[in-house]
Amino acid sequence: ALALSFIVKTFLVQAFYIPSGSMETTLIRDDRVIVNKLVPRLIDLKRGDVVVFQDPDQWLGELPTVDRGPVRGAIHQALTFVGLLPSDSDHLIKRVIGLPGDRVTCCVAGKLTVNGVPVTEPYVKAGDAPSSLSFDVTVPAEHIWVMGDHRSNSEDSRFHDPSGTGADGSVPIAKVTGRAISVVWPIDRWAWLSDFAETFSGVPAPGAIPTSSP
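Please read all numbers here as calculations on a predicted model, not as lab measurements.

> I'd like a description of the overall build of the chain, backed by residues and values.
Within the chain one finds 3 helices and 12 strands. Counting all 214 residues of the chain, 44% fall into the buried class. Taking as baseline every contact in the chain between residues at least 6 positions apart, the subset at least 24 positions apart corresponds to 72%.

Okay, here's the thing in structure tokens:
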């Protein structure tokens, strides 16, 4: 059973907990989510995916040390290793807004634009603007541009891009652990997580001429 759990955790799915409010109201603090690790290994990322990724460049700063004691610490480490407890390591969770080559801009008529098309974002927390910062970036190859759903409380790609080009704030796809597919705990919070495909359905491929708006 432990071997099977380890295989599942390594190659298929893994549990993570939500430590902050940066993805409200889609996810709230202390939610547990299941992550599909076939994305992006075998399944391509899409705009709108909620993804878990390793801290790309000290976004989290210095992490506090949790002292569980030698016995509890060893048990916790073992159960996390085989996937029976959620990881509490240096991972973040955000929503994919831009794929490699995408031009992401904020804001035009109060909306984010991707490759020239304004998008209506139903997942953004009620009362939040699309962004408190103006930006115009092009996502580098093999990278993604990510933003939290709670835009006024999310230290995402916008705040880690000093060059203002997207070169610094974009997250390497190699750092992506997988796509969050559902909330599994607490039980009354159980839900599938949507990628909101309709939000980005009118967005053309990078370099293409926009033909419609969502």
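> So what's going on with the state of the cysteines? Which residues, and what values?
Disulfides are covalent bonds that connect the sulfur atoms of two cysteines. Considering all chains together, one arrives at 1 disulfide under this definition. Residue Cys106 pairs covalently with Cys107 via a disulfide, S to S 1.6 Å. Judged by relative accessible area, Cys106 falls into the buried class, the value being 4%.

> Kindly report on the packing of aromatic side chains, identifying the contributing residues and their values.
The geometry of two aromatic rings is summed up by the distance between their centres and the angle between their planes. With the rule as written, the count across this model stands at 4 aromatic pairs. Ring plane angle 35° and centroid distance 5.5 Å describe the contact between Phe135 and Trp145, whose orientation is recorded as tilted. Of the two residues, Phe135 sits in strand 8 (residues 135–138) while Trp145 sits in strand 9 (residues 143–147), which places them 10 residues apart along the sequence. Between Trp190 and Trp192 the ring centres are 5.4 Å apart and the planes differ by 75°, which places this aromatic pair in the edge-to-face class. With relative accessibility at 48%, the residue Trp190 sits in the partly exposed group. One cation-aromatic arrangement involves Arg95 over Tyr123; the distance from NZ or CZ to the ring centre is 4.2 Å.

> Go over the nonpolar core, please, and point to the residues and values.
In terms of nonpolar packing, the biggest core is built from 17 residues, with Ile97, Val104, Leu112, Phe135, Trp145 and Phe200 touching the most fellow members. Among the elements of the structure, strand 5 (103–108), strand 6 (111–114), strand 7 (117–119), strand 8 and strand 9 are those that each provide at least two residues to this core. Setting aside anything within four residues of it in sequence, one finds Phe135 in contact with Val104, Thr105, Cys106, Leu112, Trp145, Met147 and Arg158. Within the second largest apolar cluster, 13 residues are counted, among which are Val51, Trp59, Ile144 and Val176.

The rules behind each value
Residues numbered from 1 in each chain as written. Predicted model: local features only at pLDDT ≥ 70, side-chain atom pairs only at ≥ 80, totals over all residues. Heavy atoms only, no water. Helix = DSSP H or I, 4+ residues; strand = E, 2+ residues; numbered from the N terminus. Buried < 20%, exposed > 50% of the residue type's maximum accessible area, 1.4 Å probe, protein only. Contact = heavy atoms within 4.5 Å. Disulfide = S-S within 2.5 Å. Phe/Tyr/Trp six-rings, centres within 6.5 Å; stacked < 30°, edge-to-face > 60°. Lys NZ or Arg CZ within 6 Å of the ring centre and 35° of its normal. Core = buried A, V, L, I, M, F, W, Y, C linked by side-chain atoms within 4.5 Å.

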